[in-house]
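Letter by letter, the chains look like this.
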Amino acid sequence: MGPTSSGAPNKFDIEKSSRELDRKTQAKMFSQPAMNKWGIFHGDRDAQIANQFKSTMKQCLDQVNFEHADPAVYSVKPGMRSDAWIKELKKQLNDGIQMVVLILPGAKGKTPLYDDVKRFLLSEYPIPSQVVLAATIQKGKNLRSIISKVVIQINAKLGGIPWTVDELPFMDKPTMICGLDVFHATSLGKKSVLALSASMNNSATTFWSTSVVQDDVGQEASNNLCRGMTNACEAFKRANGTYPAQIIFYRDGVGEGQIEGVCRPEITQIKQAIVSV
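Residues numbered from 1 in each chain as written. Predicted model: local features only at pLDDT ≥ 70, side-chain atom pairs only at ≥ 80, totals over all residues. Heavy atoms only, no water.

Enquirer: Would you take a moment to explain the pattern of salt bridges for this structure?
Expert: Should the charged atoms of two oppositely charged side chains come close, the side chains can pair. Under the counting rule described, the total for this entry stands at six salt bridges. One salt bridge in this structure joins Glu266 and Arg251, with 2.9 Å as the shortest N-O distance. With Glu266 in helix α8 (residues 259-276) and Arg251 in strand β8 (residues 246-251), this residue pair connects regions lying 15 residues apart in the sequence. Between Arg264 and Glu260 there is a salt bridge whose closest N-O contact spans 3.3 Å. You can see Arg264 and its partner Glu260 sitting in helix α8, four residues apart, about one turn around the helix. For Arg264, a relative accessible area of 45% gives the class partly exposed. (Salt bridge = Lys/Arg side-chain N within 4 Å of Asp/Glu carboxyl O. Helix = DSSP H or I, 4+ residues; strand = E, 2+ residues; numbered from the N terminus. Buried < 20%, exposed > 50% of the residue type's maximum accessible area, 1.4 Å probe, protein only.)

Set out below in structure tokens:
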């Protein structure tokens, strides 16, 4: 966590504090970038809910000494149509916006707007966003605790670091921790997508990432891995002034029967990337 009011490090033992984690993490985080320009969007029937969220959000931000300006608040009408949400977002967003909070109508798993609005904010107008369901706020149950967790998510999406783990093993030298998975949607006729992430600091709390659409539908073996790992190593050097002395690699989505056919070729590509830099 971040420092206490006296400036001393705020540390605690996770195992000994397992029952108090919720309370102990409601404190200043390890790093918190200022949130100077952000907005809240809500459906036209949820103005009161948006005000309740805004008020509780301010309390939670102030509790952790999170530097922030007051948000701009926008109403979307009609609030149940995704095209209305996208139209309002296009109207109000600009390059200076750091974060948007979307208070979507509906309950968990029952809001039809989520996919369309998130897709727009990821692909057409990429701005960090946080969705909160109007039904969650309206219930009022454990609202302060819920919004405290929203603050943690927003901080991470802004590039902040909520917390770190002391004395991580293997981190006594420049170390890059990587994760790889391949997503398939063959039922939709879509190609496979490779996703690779790599840590960029000695607490493994900042990351470089990339995604690549693969040539063949349903392809698991990652032919683009060598290029991705080369770029990850170069990014690590830019961040640290040196290439990683060791790499720890996690591969998801591969069964034991696929190790020879998938993992072995990928290990070869990782080695090729290391040699190339």
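From this point, things continue past the structure.
Enquirer: Would you mind showing me how to read the sheet that holds strand β3 (residues 99-104) here?
Expert: Across a sheet, paired strands are connected by hydrogen bonds in the backbone, their directions being either parallel or antiparallel. Taking strand neighbours across the sheet as the criterion, the four strands line up as β2-β1-β3-β4 in an open arrangement whose pairing is parallel. Since the sheet does not close on itself, it has two edges, and those belong to β2 (72-76) and β4 (129-133), each with one partner. Direction aside, neighbouring strands of the sheet carry axes that sit 20° apart on average. For β3 and β4, the ladder comprises five bridges, and the chain directions are parallel. When the bridges of β4 are listed, Ile103 appears paired with Val132. (Pairing = 2+ DSSP bridges. Axes fitted to C-alpha atoms, helices over the stretch in contact; angles between N-to-C directions.)

Enquirer: I would appreciate a short explanation of the pairing of strand β1 (residues 38-43) in the present structure.
Expert: With six of six residues buried, β1 is to be regarded as a mostly interior element. With burial as the criterion, each face of β1 is covered, one bearing Trp38, Ile40 and His42 and the other bearing Gly39, Phe41 and Gly43. Where β1 and β3 come together, five bridges link them in parallel fashion. The residue of β3 that forms the bridge with Phe41 is Leu102. Bridge analysis of β1 against β2 gives five bridges, and the strand direction is parallel. Directly across from Phe41, in β2, lies its bridge partner Tyr74. Note that the unit made of β1, helix α2 (residues 47-63) and β2 has a crossover that is right-handed. (Right-handed = clockwise from strand over helix to strand, strands pointing away.)

Enquirer: So what exactly am I meant to see when it comes to the pairing of strand β5 (residues 175-183) here?
Expert: The side chains of a regular strand alternate, first on one face of the sheet and then on the other. Looking at chain direction, β5 and β8 are connected through six bridges and run parallel. Its bridge partner being in β8, Cys178 is matched across the sheet by Phe249. As defined by bridge partners, β5 adjoins strand β6 (residues 193-199) across six bridges and the pair is classed as antiparallel. Looking at β6, one finds that Asp181 is bridged to Ala195.

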